[in-house]
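Listed here are the chains, written in short residue letters.
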Amino acid sequence: MKRLILTYNQNCNLSCDFCYINFHYEKIEDKTYEIIKRAISLNFDIITFGGGDAFSKKSFRDSCILAKENNLVTHVDTNGLSIKSNDFDFIKKYVDVIGISLDGIGEYHDDLRKSKNLFSKINSIIEHMESLNIKMKINTILTEKNKDSIYNLYIYLTKFKNIERWSIYQFFPLSVAKDYKDMFEISDENFDIILDFLNNESPHFKIEKFKFRDRVNGYIFCDEEGNVYTNSLEGEYIHLCSIFDYHVEEIISELKEFINPKTSNRYVSTQKKIYPKNGWKK
Ligand code: SF4
């Protein structure tokens, strides 16, 4: 399985202090659609649209449709801020895995994401998706700041039948997030203590716990200009080439992994929406 993680590195509609994307805020040409075409020809199996909120980017929806029409698994991780009412139909048809960030209940989430009323918006999105039977994944960053909200968050999530997976990430001091290490860093021991209660629970959703020390290298990232890069175990990004380069396949094939082995089962177990030959019925 080969996964390409497309990150919008220009900017994000939020400015979380624990963010590890080094946004450059420069004027650029967004080549996302061409990148997806290239990813299809390079035989990628999965496209993950990450980097804050793909729904806020003009290039996203058409690019996601193109990926789906070519039967790639489409995965979108989003902070949910720009999801509009007409996006639910789009998600149902074209997104195989939709991951929404939620780091706590009420003010815990709003404070961590520095966005007033964001929790309330996410709550409505989850409720709406449940009513449409759209399966979802919840992404939580566990830090020293929100550790006291995790149990309540768990209880909250158990209310929703459409939640399939809860991915909990230990705060990663990667790249620019290193500047806020003192505020957010949570030790391995505390990470285990906070999540210990889950060992006695059997919710209807799967739980993935990601510790910083269990990180792997070899993720394949591509920004919206086509720059391909990977991550080192030391928490740095390494530029590899452009996705439009002639030798890109050779360069990528030198990586040890094409996907984090711990995550591949999400795509196998997720019911893939096979794109019908004649398109979706209107
Ligand atoms: S929403 Fe995600 S990408 Fe955007 S600033 Fe926050 S952590 Fe970074």
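For every chain, the first residue of its written sequence is number 1, and the numbers climb from 1 along that sequence. The predicted origin of the model limits local features to residues at a pLDDT of at least 70 and limits the giving and counting of side-chain atom pairs to 80 or more, whereas totals for whole chains, interfaces and linings rest on all residues. Where side-chain values are given, they derive from all heavy atoms of the structure, hydrogens and water being excluded.

A.B. asks: Help me out: how do you make sense of the overall build of the chain in this one?
C.D. replies: What the chain contains, in helices and strands, is 10 helices and 10 strands. Seen along its three principal axes, the alpha-carbon backbone of the chain occupies a region of about 50 × 45 × 35 Å. Accessibility here uses a 1.4 Å probe with only protein chains present; expressed as a share of the type maximum, an area under 20% marks a residue as buried, one over 50% as exposed, and anything in between as partly exposed. When the 282 residues of the chain are sorted by exposure, 53% land in the buried category. Residue contacts are defined here by distance: any two heavy atoms, one from each residue, within 4.5 Å place the two residues in contact. A fraction of 71% describes how many contacts in the chain between residues 6 or more apart in sequence connect residues 24 or more apart. Comment: elements are numbered from the N terminus, with helices defined as DSSP H or I runs of at least four residues and strands as E runs of at least two.

A.B. asks: Would you mind going over helix 2 (residues 60–69) with me for this structure?
C.D. replies: Because each turn of an α-helix spans 3.6 residues, side chains separated by three or four positions end up pointing in the same direction. Burial within helix 2 is extensive, with seven of its 10 residues counted as buried. For helix 2, the full list of buried residues reads F60, S63, C64, I65, L66, A67 and K68. Tucked inside the fold, the buried residues of helix 2 contact helix 1 (32–41), strand 2 (46–50), strand 3 (73–78) and helix 3 (87–94). Immediately downstream of helix 2, the backbone of N71 shows phi near 60°, a positive value.

A.B. asks: Any chance you could explain the site of the ligand here in plain terms?
C.D. replies: Note on terminology: near, applied to a residue and a molecule or strand, indicates that one of the residue's heavy atoms is within 4 Å of it. For the ligand, the full set of nearby residues is C12, L14, S15, C16, F18, C19, I21, F23, G51, G52, N79 and R113. Considering only residue class, the shell around the ligand consists of seven nonpolar, four polar and one charged. Side-chain classes are defined by residue name, with Ala, Val, Leu, Ile, Met, Phe, Trp, Tyr, Cys and Pro counting as nonpolar, Asp, Glu, Lys and Arg as charged, and the others, Gly among them, as polar.

A.B. asks: Explanation requested: the UniProt feature "domain: Radical SAM core" (unreviewed entry) in the chain in the structure shown.
C.D. replies: In this numbering, the UniProt entry assigns the feature "domain: Radical SAM core" (unreviewed entry) to residues 1–211. Taken end to end, residues 1–211 is 33% helix and 19% strand, and its first and last C-alpha atoms sit 23 Å apart. UniProt positions are given in the numbering used here, feature names are shortened, and annotations may be inferred rather than shown by experiment.

A.B. asks: Help me understand the pattern of salt bridges, please; the structure alone is not making it clear to me.
C.D. replies: Opposite charge on two side chains permits them to pair, given that their charged atoms come into close proximity. Any carboxyl oxygen of Asp or Glu within 4 Å of a side-chain nitrogen of Lys or Arg constitutes a salt bridge here. On inspection of all chains with the given rule, the structure shows eight salt bridges. Notably, a salt bridge pairs R61 with D87, separated by 2.8 Å at the nearest N-O pair. With R61 in helix 2 and D87 in helix 3, the pair connects residues that are 26 residues apart, well separated along the chain. Taking relative accessible area as the criterion, R61 reaches 24% and is therefore assigned partly exposed. A residue is classified by how much of its surface remains accessible, and D87, at 3% relative accessible area, is buried. Ionic pairing is found between D89 and K93, a salt bridge with its closest N-O pair at 3.7 Å. In this pair, D89 and K93 both sit in helix 3, four residues apart, roughly one turn of the helix. Residue classification places D89 among the partly exposed residues on the basis of a relative accessible area of 46%.

A.B. asks: It is not clear to me how the sheet that holds strand 10 (residues 237–242) should be interpreted in this structure. Could you clarify?
C.D. replies: The strands that make up a sheet are held in pairs by hydrogen bonds between backbone atoms, and each pair lies either parallel or antiparallel. Strand order in this open sheet of 10 strands is 7-6-5-4-3-2-1-8-9-10, and the pairing throughout is mixed. With one partner strand each, in any of the chains shown, strand 7 (206–210) and strand 10 form the two edges of the open sheet. Put simply, the sheet's adjacent strands are angled 25° from each other on average, direction ignored. Pairing between strands is defined by DSSP: at least two bridges between the two strands are required. Pairing of strand 3 with strand 4 (residues 97–101), which is carried by four bridges, proceeds in the parallel orientation. Following the sheet pairing, H75 is matched in strand 4 by V97. Here the axes come from fitting lines to C-alpha atoms, over the contacting stretch only for helices, and the angles between their N-to-C directions go from 0 to 180 degrees. With respect to the sheet, helix 5 (residues 118–131) is in contact with strand 4, strand 5 (136–142) and strand 6 (163–170), its orientation differing from that of strand 4 by roughly 155°.

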